[in-house]
Amino acid sequence: MSQPIVLTSLSLAELEEFMEETGEKKYRARQIFHGIYKEGLEDFSRFTVLPLALREKLAASSLINPLQLEQSLKSSDGTTKFLFRLPDGYYVETVLIPSGSRLTACLSTQVGCKFHCTFCASGLNGFKRHLSAGEIVSQVLRLKFTFGHNLTNLVFMGMGEPLDNLENVLKAIRLLNDENGLNFGARRMTVSTAGVIPGIKKLKNFELQINLSISIHSSIDRVRSRLMPINKKYPLSDLVEAAEDYVLSGGRQLTLEYILIRGVNDSLAEAEGLAAIARRLRAKVNLIAYSPIPQLPFERPEPAEVSRFRHWLEERKIRVTVRQSKGVDIAAACGQLAGKFQ
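Residues numbered from 1 in each chain as written. Predicted model: local features only at pLDDT ≥ 70, side-chain atom pairs only at ≥ 80, totals over all residues. Heavy atoms only, no water.

J.: So, the overall build of the chain: which residues are in play, and what are the values?
T.: When helices and strands are tallied, the chain shows 12 helices and 14 strands. Here the C-alpha radius of gyration of the chain, 21 Å, is about what a compact globule of 342 residues would show, namely 20 Å. Counting only C-alpha atoms, the chain reaches 70 × 40 × 40 Å along its principal axes. Taken across its 342 residues, the chain has 54% of its residues classed as buried. Contacts spanning at least 24 positions in sequence make up 66% of the contacts within the chain whose residues lie at least 6 apart. If you sum the accessible surface of the chain, you get close to 15,100 Å²; carbon and sulfur atoms cover 49% of it. Where the 44 positive side-chain charges of the chain centre and where its 36 negative ones centre are 3 Å apart. (Helix = DSSP H or I, 4+ residues; strand = E, 2+ residues; numbered from the N terminus. Rg over C-alpha atoms; globule rule 2.2 N^0.38 Å. Buried < 20%, exposed > 50% of the residue type's maximum accessible area, 1.4 Å probe, protein only. Contact = heavy atoms within 4.5 Å. Areas by Shrake-Rupley, 256 points an atom, 1.4 Å probe, with all protein chains shown as cover. Lys, Arg positive; Asp, Glu negative; His and termini not counted. Charge placed at Lys NZ, Arg CZ, Asp CG, Glu CD.)

So, in structure tokens, the structure goes:
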């Protein structure tokens, strides 16, 4: 039995082609696209604008949203983690993060992760597979239509490395940005990377003005290689050079993510190195206190230690935002909940 076609993986042009291939009129694609992205329909019986025969044909061959909610947990700070089951039995997480007037969805792009950052839960069970564009888009559709959340921002920072699944991630961004669909603004979407240089080089030619966030986590090669094995393949000096080229090619805002881990990367020497990188890239720094993971040997810094590190950066004229760790009481760090089910 053939696998159903996931319609949220198809652009409007591809959906038109699909309609013609199945002997239907091309304009039916626009009606289906409208139903999915404007009305939030996923049961073909509710597409009353379509003839009954077409609805039955689609129900037999296609699927709109492949994600089934397995569990949701809400934190005392308002953060909500959703655990979704995929058709093949794997699990991914999506996190909803409120902050003032902003409501951000943190989206997963892979099941597991290949890069095994030593402080992160996503790679503990190994890499399983890429998510399709439709599985990425469907996370947004679930939050918007199934659970009624009016999202203001999207960050591709959940399970997986987005630039390792670049083709599907960029297709998902185009689908989310499509004015015939959700019409989600490109500047309200941020792609994060641990430092996949070939992906950064490709991203600089992308037609939409999305934001890029780079996870640094140490300005010292020896320490970064310990925390992030990707640094052995793509050393920090090469990464900074690629990031500088990215910034110069389009003048887009770059953010450096820095998870502060007690006794590991919280020294004055680290702050000086990070400040030098941020100045070169004209980047702002998001400083995040580490969220402990029971299986891992790292400690969360005290608030005073975070403030001290921030002060060192600000003394060096670096723009710093201390991003509060959200959902600590519901294991909202990437991959923690899915790891229990995987």
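J.: Requested: an account of the pairing of strand S10 (residues 189-193), with residues and values cited.
T.: On a regular strand, one side chain projects to one face of the sheet and the next to the other, so that they alternate. The buried fraction of S10 amounts to 5 of the 5 residues, a majority that puts the element mostly inside the structure. Alternating positions in S10 separate into two faces, Met189, Val191 and Thr193 on one and Thr190 and Ser192 on the other, with burial throughout. Here 3 bridges tie strand S9 (residues 153-156) to S10, and the two strands are oriented parallel to one another. Among the inter-strand pairings, Phe156 is bridged to a residue of S10, identified as Val191. Taken together, S9, helix H5 (residues 166-177) and S10 constitute a β-α-β crossover, and its handedness is right-handed. As judged from the 4 bridges shared by S10 and strand S11 (residues 211-215), these two strands associate in the parallel manner. Each residue of the ladder has a partner; that of Val191, found in S11, is Leu212. Remark: the S10/helix H6 (residues 197-203)/S11 crossover connection has right-handed handedness. (Pairing = 2+ DSSP bridges. Right-handed = clockwise from strand over helix to strand, strands pointing away.)

J.: Explain the sheet that holds strand S3 (residues 68-74) residue by residue, including any values.
T.: Here we have 10 strands laid out as an open sheet, ordered S3-S4-S5-S6-S9-S10-S11-S12-S13-S14, and mixed in their pairing. The open sheet terminates on both sides in strands that have one partner only, identified here as S3 and strand S14 (320-323). Here the average twist between neighbouring strands, direction ignored, is 20°. Here 5 bridges tie strand S5 (residues 91-99) to strand S6 (residues 102-106), and the two strands are oriented antiparallel to one another. (Axes fitted to C-alpha atoms, helices over the stretch in contact; angles between N-to-C directions.)

J.: Help me get a handle on the environment of Ile197, residues and values and all.
T.: By the secondary structure assignment, Ile197 is in helix H6. Owing to a relative accessible area of 8%, Ile197 belongs among the buried residues under this scheme. In contact with Ile197, not counting residues within four places along its chain, are Tyr234, Asp238, Leu239 and Ala242.

J.: Give me the environment of Leu10: which residues, what numbers.
T.: Within the secondary structure, Leu10 sits in the loop between strand S1 (5-6) and helix H1 (12-21). The residues contacting Leu10, other than those within four sequence positions of it, are Ile5, Leu15, Phe18, Phe33, Lys171 and Leu175.

J.: Tell me what's going on with the side chain of Thr109, and back it up with residues and numbers.
T.: Relative to the assigned elements, Thr109 resides in the loop between S6 and strand S7 (110-111). In contact with Thr109, not counting residues within four places along its chain, are His130, Leu131, Ile136, Phe156, Met159, Gly160, Glu161, Pro162, Asn165 and Val169.

J.: Residue-level account of the pattern of salt bridges, with values.
T.: Throughout the structure, instances matching the rule amount to 17 salt bridges. Between Glu14 and Lys171 there is a salt bridge; the shortest N-O distance is 2.7 Å. Residue Glu14 is located in helix H1, and its partner Lys171 is located in helix H5; the two are separated by 157 residues in the primary sequence. Note that Arg174 and Glu207 form a salt bridge whose closest N and O atoms lie 2.6 Å from each other. (Salt bridge = Lys/Arg side-chain N within 4 Å of Asp/Glu carboxyl O.)

J.: Can you break down helix H11 (residues 303-315) residue by residue, with the values?
T.: Compared with an ideal rise of 1.5 Å per residue, which puts 13 residues at 18 Å, H11 spans 18 Å between its outermost C-alpha atoms and is within 8% of the ideal. Those residues of H11 lying buried are Glu305, Val306, Phe309, Trp312 and Leu313. Seen along its axis, H11 keeps its buried residues to an arc of 120°; they face one direction. Exposed residues pointing more than 90 degrees away from the buried face of H11 are listed as Pro303 and Ala304. In the segment just after H11, Lys317 is the residue with positive phi, at about 65°. (Expected span 1.5 Å × (residues − 1). Arc of directions from axis to C-beta.)

J.: Which residues make up the state of the cysteines, and what values go with them?
T.: One pass over the structure, following the stated rule, counts 0 disulfides. Free of any disulfide, Cys113 has its nearest cysteine sulfur in Cys117, 6.4 Å distant. Among the cysteines around Cys117, which has no disulfide bond, Cys120 carries the closest sulfur, lying 6.1 Å off. (Disulfide = S-S within 2.5 Å.)

Spatial relationships are all this shows, so hold off on functional conclusions.
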